[in-house]
Amino acid sequence: MPSNPVHYEDAKNLRCTTQEKLGTEPTWQLKRGDDVFDITNGTESEVTLKDLATEIELKNISEVWAGEYTCVYKLQSESLTITHKANAVLDVCLLPNIDISVIPGYPHCKKKGDLVSVTVKCEIKSSNESYNVTWTKSTDIKTELRAISVSGTSEGSNVYAAKTAISCNSPTDIPQLTCKFENRCGQKRNASIDVNIIHAGDKFCPADGDWGPTKAGFTAVIKCKGEVGRRKRKCNNGTSEATWGQEVSGCVNRILNNVLQRAKEVDIGVGSLDGNSAQVFSILEDVTNKSHTINTVANLDASVELLHKANLTGVGNKKNIEVAEQRCTQGSECNSTVFGVSISLDGSDPGSVKMAGFQELNDYLPNKDDKFKPNSIVVSATTEKKQDSVQVYINFKLLKSRPRDVQIKCVSWDNYTRSWSDYGCEWAGPRSEGQCTCRHLSSFAILMSKYPLEVPWITEITYAGLSVSIISLIVGLVIEITVWSDVVKTNSLYLRHTAHINISLCLLVADCCFLASSKPSHLSQIWCKTFVMLKHFCYLSMFFWMLCLSCTLLHQAVFLFHSVSKKTYLRFSIVLGYVCPLLIVAITFLASRGGAEDWYSSKTCWLVYTGLMKGSIHAFVMPVGIIVFVNIFSMLVVIMKLLDHPKNTETSHDKEKKAAITVVRSVVLLTPVFGVTWIFGFALMLLDLSGGVTAYVVNYAFTLLNAFQGLFILLTTCLGDKLVREALLRRLSHKHQASTSTIDSTVKLDSTSKK
């Protein structure tokens, strides 16, 4: 044994010898108080075996290594155990870790020439070492610095204090106070602190709760109550006045800190890894089960560091913390699961990989983003070997299901900003809601937006488009009524204009309902259901009236010598155009028990899509799809028949042919417009705004096409029809001529009476 006492931070060797070979390996033990620890190879110790001897090399002696050492040789047989041992005490001259502070933290000078009283305190951990404490001050402090006694010191610590007075005359000089501790070996350690004075005219933050007045641009620091660590709060130097910043807490639960220090001791060589892990994990379980006691980031960092230091192989999982450990090599799969969260790590020979999951901590860790809230447990990943490049794939289980169009952020803990950051982490998107990929090691979680995403200007576009569409439809209906007798000369034209009027009426009612239900949150449940039924019925009727056009044209093209009367066509059209949609709407409503089972969405006042062939939207999409297919087929047949029509047809059929061409043109124009619009509408049900740009493009396309359908009908099938234009011009010119004739007659009568 080296001669006692031993200097702090010295390197010494302890040797245990025997006179003969005992045939067994020795063990070293250190007794410190009532605790006994095995000594192993660590960062500060190395145990070696030699012939007839064993030796410990202590590389950095501190208070951890002070105590009674025992070298033990244990011989065991079936009937008895023989123990050979030798004891010796290592006495260490200690040096303290000094925590220095001044009271008040920032002395306030009211005016130049005043003296402010300052108390400097130096706090150290309690020990058996007897220190000689001296105090020094910078030359600009003229008043004597005298030691004072301190009462009410915290448990497990000794506090030394001194008092002086500082002048307010020199605003440029920064006074400094120093305490110096000297141990019995003559070794010294000191700590100094600057005294930053708030001079007259300086900006400062006023006292606020636990925080005393603080000079602008500086950070106030106070001790944690009942915990280990410090709380910090910066006083920001504003343009007009100083303002307090956010508090940053470095407080660590005292029990958790003790466990962490114990795990660090094992790392340097004091204690067995396997023997220590169960005790460490048991204490950690007790602490983490009380989540409100470790509700700071400092506690999370300490817990993660503890998991990295402690050996957790073979230790069972607990209520609020679950750990998985795996040894990974280059190219091997490194997958683990904690609390149902699967974690996969891709790195270059990471060695031992520890994955930890913490339940409930997500509710207590600070979140500076008031638009997002935690929606997963907190998981951490650490590796034995430092990684220059790493990919961490995490599949979280969301605590609450993600509503439609709600954004999710994959985040990691940033130790510099003490907040969640999405730097280096990416979300897989709405189709894989819980999947995250991060390019570094840290503590990870998922944050979910409190509010759904919105498409910019979509409401304004909808209002403007529907208003234009409604006006266009009304104008179109007025024109149709005005020119009806002039343009409806054949059965085909009767068919075309009757269908056009009904399509316009259906679209007009649907647009009015769409406009009225544009803000579903302002509507009652009964009104929302009413608008859903009306929109479902009117949009279906619009397509069924287009089917009437196609079917009648197909009949005329195929059966040339079989004419259908107007009354028969009208009966057929009313049944197909109104009765069929009504039956579909009624059956859909009744099948969902009067709208009680996922029939409509209260957020959109429209039918719902819940999956392939699931959801009431299929009661709209499937009939529309069938009608669009039939329309396309009918148009191809009619066009082929018209092109193949004999050139020597009778003149009486020429008008019918021209009328049929007009009807074909209407169907050809309207089918893709209405069909493409609702293709975008169906895509809208499938896409989520959080998925990226495509969803926004589809939203704009559907809104523009749907909102301006009325205008398109007016321009193409009404004003774009030559017969309608000519009839409308004749009507307008006739009225103009009639009014002109009336004026001329009035003038003549006046002149005759004068004569």
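Placed above this text is the structure.
Thresholds applied
Residues numbered from 1 in each chain as written. Predicted model: local features only at pLDDT ≥ 70, side-chain atom pairs only at ≥ 80, totals over all residues. Heavy atoms only, no water. Helix = DSSP H or I, 4+ residues; strand = E, 2+ residues; numbered from the N terminus. Buried < 20%, exposed > 50% of the residue type's maximum accessible area, 1.4 Å probe, protein only. Contact = heavy atoms within 4.5 Å. Areas by Shrake-Rupley, 256 points an atom, 1.4 Å probe, with all protein chains shown as cover. Disulfide = S-S within 2.5 Å. Axes fitted to C-alpha atoms, helices over the stretch in contact; angles between N-to-C directions. Parallel < 35°, antiparallel > 145°, perpendicular 65-115°, else oblique. Left-handed = near helix turned anticlockwise from the far one by under 90°. Nonpolar A, V, L, I, M, F, W, Y, C, P; charged D, E, K, R; others polar. Expected span 1.5 Å × (residues − 1). Salt bridge = Lys/Arg side-chain N within 4 Å of Asp/Glu carboxyl O. Core = buried A, V, L, I, M, F, W, Y, C linked by side-chain atoms within 4.5 Å. Phe/Tyr/Trp six-rings, centres within 6.5 Å; stacked < 30°, edge-to-face > 60°.

Caption draft 1: Representation of the overall build of the chain within the structure. Scanning the chain from terminus to terminus reveals twelve helices and 33 strands. Counting every position in the chain, which comprises 755 residues, the buried fraction comes to 44%. For the chain, the proportion of contacts with a sequence separation of at least 24, taken over those separated by at least 6, is 68%. Accessible surface, the chain: about 39,900 Å² in total, of which carbon and sulfur atoms supply 55%.

Caption draft 2: A look at the state of the cysteines. Here the structure, examined in full by the defined rule, presents nine disulfides. Put simply, Cys16 and Cys71 are joined by a disulfide, and their sulfur atoms are 2.3 Å apart. Handedness of the Cys16-Cys71 disulfide follows from its S-S torsion of about -85°: it is left-handed. Linking Cys16 in strand 1 (residues 12-17) with Cys71 in strand 6 (residues 67-76), this pair joins segments that are 55 residues apart in sequence. In this structure Cys16 comes out as buried when scored by relative accessible area, which is 7%.

Caption draft 3: Main features of the packing of helix 5 (residues 491-516) against helix 11 (residues 709-718). At a minimum axis separation of 11 Å, helix 5 and helix 11 run at an interaxial angle of 165°. When the interaxial angle is binned, helix 5 and helix 11 end up roughly antiparallel. The chirality of how helix 5 crosses helix 11 is left-handed. In this structure, helix 5 uses Arg496, His500, Ile503, Ser504 and Leu507 to contact helix 11, whose residues at the interface are Gln709, Gly710, Ile713, Thr717 and Cys718. Of the residues that constitute the contact of helix 5 with helix 11, the class distribution is four nonpolar, five polar and one charged.

Caption draft 4: Broad picture of unusual backbone geometry. The omega angle of the peptide bond from Asn4 to Pro5 is -10°, so this bond is cis rather than trans. Along the chain, the position of Pro5 falls in the segment before strand 1.

Caption draft 5: Seen up close, helix 5. An ideal rise of 1.5 Å per residue puts 38 Å on 26 residues; helix 5 measures up with 38 Å between its terminal C-alpha atoms. Across the 26 residues of helix 5, 19 count as buried, placing the element largely inside the fold.

Caption draft 6: Just the pattern of salt bridges, in detail. Under the criterion given, the structure shown has 17 salt bridges. The partner of Glu55 in a salt bridge is Arg15, and the shortest N-O contact between them spans 3.1 Å. In this pair, Glu55 is assigned in strand 5 (residues 53-58) and Arg15 in strand 1, connecting sequence segments 40 residues apart. Since its relative accessible area comes to 14%, Glu55 is described here as buried.

Caption draft 7: Local environment of the nonpolar core. Counting 56 residues, the largest nonpolar core has Tyr539, Met542, Phe543, Trp606, Phe620 and Trp678 as the members making the most contacts within it. When neighbours within four sequence positions are excluded, Trp606 is seen to be in contact with Val532, Lys535, His536, Tyr539, Tyr600, Ser601, Ile617, Phe620, Trp678 and Met685. Listed in part, the 48 residues of the second largest apolar core include Phe37, Trp65, Ile100 and Ala191.

Caption draft 8: Focus on the packing of helix 4 (residues 458-487) against helix 5. Between helix 4 and helix 5, the shortest axis-to-axis distance is 9 Å and the interhelical angle comes to 155°. When the interaxial angle is binned, helix 4 and helix 5 end up roughly antiparallel. As for the relative orientation of helix 4 and helix 5, their crossing is left-handed in sense. For the contact of helix 4 with helix 5, the per-class residue count stands at 17 nonpolar, six polar and three charged.

Caption draft 9: Examining helix 10 (residues 693-707) more closely. Given a rise of 1.5 Å per residue, 15 residues ought to cover 21 Å, and the 21 Å separating the end C-alpha atoms of helix 10 matches this to within 8%. Turning to helix 10, its buried residues are Ala695, Val698, Asn699, Ala701, Phe702, Thr703, Asn706 and Ala707.

Caption draft 10: Quick look at the packing of aromatic side chains. Taken as a whole, this structure holds 14 aromatic pairs when the rule is applied. For the pair Tyr539 and Trp606, a centre-to-centre distance of 6.3 Å together with 85° between the ring planes defines the contact as edge-to-face. Note that Tyr539 is positioned in helix 6 (residues 525-558) and Trp606 in strand 33 (residues 606-607), a separation of 67 residues in sequence. A single burial state applies to Tyr539 and to Trp606, both of which are buried. Ring centres of Trp545 and Tyr578 lie 5.6 Å apart, and the angle between their planes is 70°; on these two criteria the pair is classed as edge-to-face.

Shape descriptors only; they carry no functional weight alone.
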